[in-house]
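So you can see what is in the structure, the chains are spelled out below.
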Amino acid sequence: MKVSKVLLVVVILATLAALVGCAAPAAAPATSNQATTSDQAAPADQAAPAEQGKKTYKDLVVGYAQLGAESEWRTANTASIKETADELGVTLKFSDAQQKQENQIKAIRSFIAQGVDVIGVPPVVETGWETVFKEAQDAGIPIILVDRRADVPEDMYVSYLGSDFVEEGRKAGNEMNKLLPDGGKIVELVGTVGSAPANDRFSGFRETLNPNIEIIDSQSGDFTRAKGKEVMEAFLKKYGNEITALYAHNDDMALGAIQAIEEYGLKPGEDIKIVSIDAVRGAFQAMIDGKLNVTVECNPLLGPQFYDLALKVVNGEEVPKWLPSAESVYYPDNAAEVLPTRQY
Ligand code: AHR
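Below you will find a few notes about this structure.

What counts as what
Residues numbered from 1 in each chain as written. Predicted model: local features only at pLDDT ≥ 70, side-chain atom pairs only at ≥ 80, totals over all residues. Heavy atoms only, no water. Pairing = 2+ DSSP bridges. Helix = DSSP H or I, 4+ residues; strand = E, 2+ residues; numbered from the N terminus. Right-handed = clockwise from strand over helix to strand, strands pointing away. Core = buried A, V, L, I, M, F, W, Y, C linked by side-chain atoms within 4.5 Å. Buried < 20%, exposed > 50% of the residue type's maximum accessible area, 1.4 Å probe, protein only. Contact = heavy atoms within 4.5 Å. Near = heavy atom within 4 Å. Polar contact = N/O pair within 3.5 Å; in protein donor to acceptor, adjacent residues only side chain to side chain. Areas by Shrake-Rupley, 256 points an atom, 1.4 Å probe, with all protein chains shown as cover. Domains from an automatic or database assignment. Arc of directions from axis to C-beta. Salt bridge = Lys/Arg side-chain N within 4 Å of Asp/Glu carboxyl O. Axes fitted to C-alpha atoms, helices over the stretch in contact; angles between N-to-C directions.

### So, the pairing of strand 7 (residues 213–220)
On a regular strand, each side chain points to the face opposite its neighbour's, so the side chains alternate between the two faces of the sheet. The sheet contact formed by strand 6 (residues 184–190) and strand 7 spans seven bridges and is parallel. Following the sheet pairing, Leu189 is matched in strand 7 by Gln219. After leaving strand 6, the chain enters helix 8 (residues 196–208) and then returns to the sheet as strand 7, a path that is right-handed.

### Digging into the nonpolar core
Within the largest apolar cluster, 76 residues are counted, with the highest numbers of intra-cluster contacts made by Ile108, Trp129, Phe133, Met176, Met232 and Ile243. With seven residues, helix 10 (residues 251–264) is the largest single contributor of residues to this core. Beyond its immediate stretch of four places on either side in the chain, Phe133 contacts Ile108, Val121, Ile143, Leu145, Ala150, Val152 and Met156. Ranked by size, the runner-up nonpolar core spans 18 residues in total, among them Val90, Val146, Leu311 and Val319.

### Points about the site of the ligand
Near the ligand you find Glu70, Ser71, Trp73, Arg74, Asp147, Arg148, Phe165, Pro197, Arg201, Phe223, Asn250 and Asp278, and these make up its full shell. Interatomic distance of 2.8 Å between a side-chain N/O atom of Arg148 and an oxygen atom of the ligand. Surface burial for the ligand is 100%, taken as the share of its 280 Å² of free accessible area covered by protein chains. Two domains share the shell around the ligand, each providing at least three of its residues, namely domain 1 (57–163 + 301–325) and domain 2 (165–298).

### Here we look at helix 11 (residues 281–288)
Buried within helix 11 are the following residues: Ala283, Phe284, Ala286 and Met287. An end-on view of helix 11 places all buried positions within 160° of arc, on one side of the element. Residues of helix 11 that are buried in the fold lie against helix 10, strand 10 (294–297), strand 12 (329–330) and helix 13 (335–338). Directly beyond the C-terminal end of helix 11, a positive phi value near 75° is found at Gly290.

### Points about the pairing of strand 8 (residues 245–248)
Taking every second residue as pointing to the same face, both faces of strand 8 are buried, with Ala245 and Tyr247 on one and Leu246 and Ala248 on the other. For strand 6 and strand 8, the ladder comprises four bridges, and the chain directions are parallel. Within strand 8, the residue paired with Val187 across the bridge is Leu246. Both strand 8 and strand 9 (residues 273–278) contribute to a ladder of three bridges, which runs parallel. For Tyr247, the partnering residue across the bridge sits in strand 9 and is Val275. One crossover worth recording links strand 8 to the parallel strand 9 by way of helix 10, and it is right-handed.

### Observations regarding the sheet that holds strand 10
Taken together, the six strands give an open sheet; going across it, the order is 7-6-8-9-10-12, and neighbouring strands pair in mixed fashion. Bordering the open sheet on either side are strand 7 and strand 12, each of which pairs with just one other strand.

### Here we look at unusual backbone geometry
Phi is positive for Asp222, which is not a glycine, with a value near 55°. With respect to the helices, strands and loops of the structure, Asp222 is situated in the loop between strand 7 and helix 9 (225–239). Here Phe223, not a glycine, exhibits a phi torsion of approximately 70°, which is positive. In this fold, Phe223 is placed in the loop between strand 7 and helix 9. Owing to a relative accessible area of 3%, Phe223 belongs among the buried residues under this scheme.

### Points about the pattern of salt bridges
Scanning the model with the defined rule gives 23 salt bridges in all. Across the pair Arg225 and Glu72 runs a salt bridge whose closest N-O atoms are separated by 3.2 Å. One end of the pair, Arg225, is in helix 9; the other, Glu72, is in helix 4 (residues 72–88), and 153 residues separate them in sequence. Overall, the relative accessible area of 25% leaves Glu72 in the partly exposed class. For Arg170, the salt bridge identified is with Glu167, shortest N-O distance 2.6 Å.

### Quick look at the sheet that holds strand 5 (residues 159–162)
By way of backbone hydrogen bonds, the strands of a sheet pair with one another, either parallel or antiparallel. Strand order in this open sheet of six strands is 2-1-3-4-5-11, and the pairing throughout is parallel. Looking at which strands have only one partner, the edges of the open sheet turn out to be strand 2 (91–96) and strand 11 (322–324). Mean inter-strand twist for the sheet, computed between neighbouring axes without regard to direction, equals 20°. One ladder, built from three bridges, connects strand 4 (residues 143–146) with strand 5; its direction is parallel. For Leu145, the partnering residue across the bridge sits in strand 5 and is Tyr160.

Quick look at the structure:
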């Protein structure tokens, strides 16, 4: 009798212990912290909603404050930005500032008011951007600098996508040295005053130019064909046959200057050697015609990389502070072969 009572107590205690043992884990509440701690692998069904929350190209609304339509290069850049948006299904709000900083600033303010996700801007000049960039920052809208840099603190933009203009200037200087081994007197057509490509192509060129080559004059042609022609006419009037070569900060100005040189009665590419920058189709044709000696490439087809950056930025992914473009140098000897492959 005593034995069976003891057995009964043992059975009851064992049953209770088993019940308590099973109930304990279920009783512990799962906190939200426990569900997401970094040292635990999140179950697949918990990771999925975060991925689903990411934006795609079709959700993206982008404002692009284009600086103008001053050159073949710019036309190609605009086409790349617009066509890539269409292909990807990005909603693009585009504005053309006609080379005026105040118009670019107005466009940025209008994009802020419309609440776009990202703003892309090629600053027409380097300075004067802090106020409007701060307004975008306060509105939580990231700025991506495209093609040209702005002189602002690095935290005011998320990334710069574009060329190394100083390096382009250095390459142009090296090419000029090859064309004038015995030295010479050259004139320079500078881009838009105060713009990053004009500043950097000016200084890069001087870094590599041989000391036996003298820059006798340097004036702005504002990156346009018409002004390039006008300023070259003035150079010819002033220096005539003294000029042995021309360095133009872009192909459009060089193409305008070629016309001026021909009208003056000299042979561009022979009497006056010419080095320019961009590598647009018009420059290839001029090289085929023997009127231009070298063009240093500057790539305007930035659309695909721009939207890739924009999407990463809105999804909180890391992006590089500078995404440089890969660029070459082109010469007359294979211009006819290369021209059909050029997209701009
Ligand atoms: O910023 C790029 C420069 O701008 C190109 O070299 C020039 O052609 C354009 O207008």
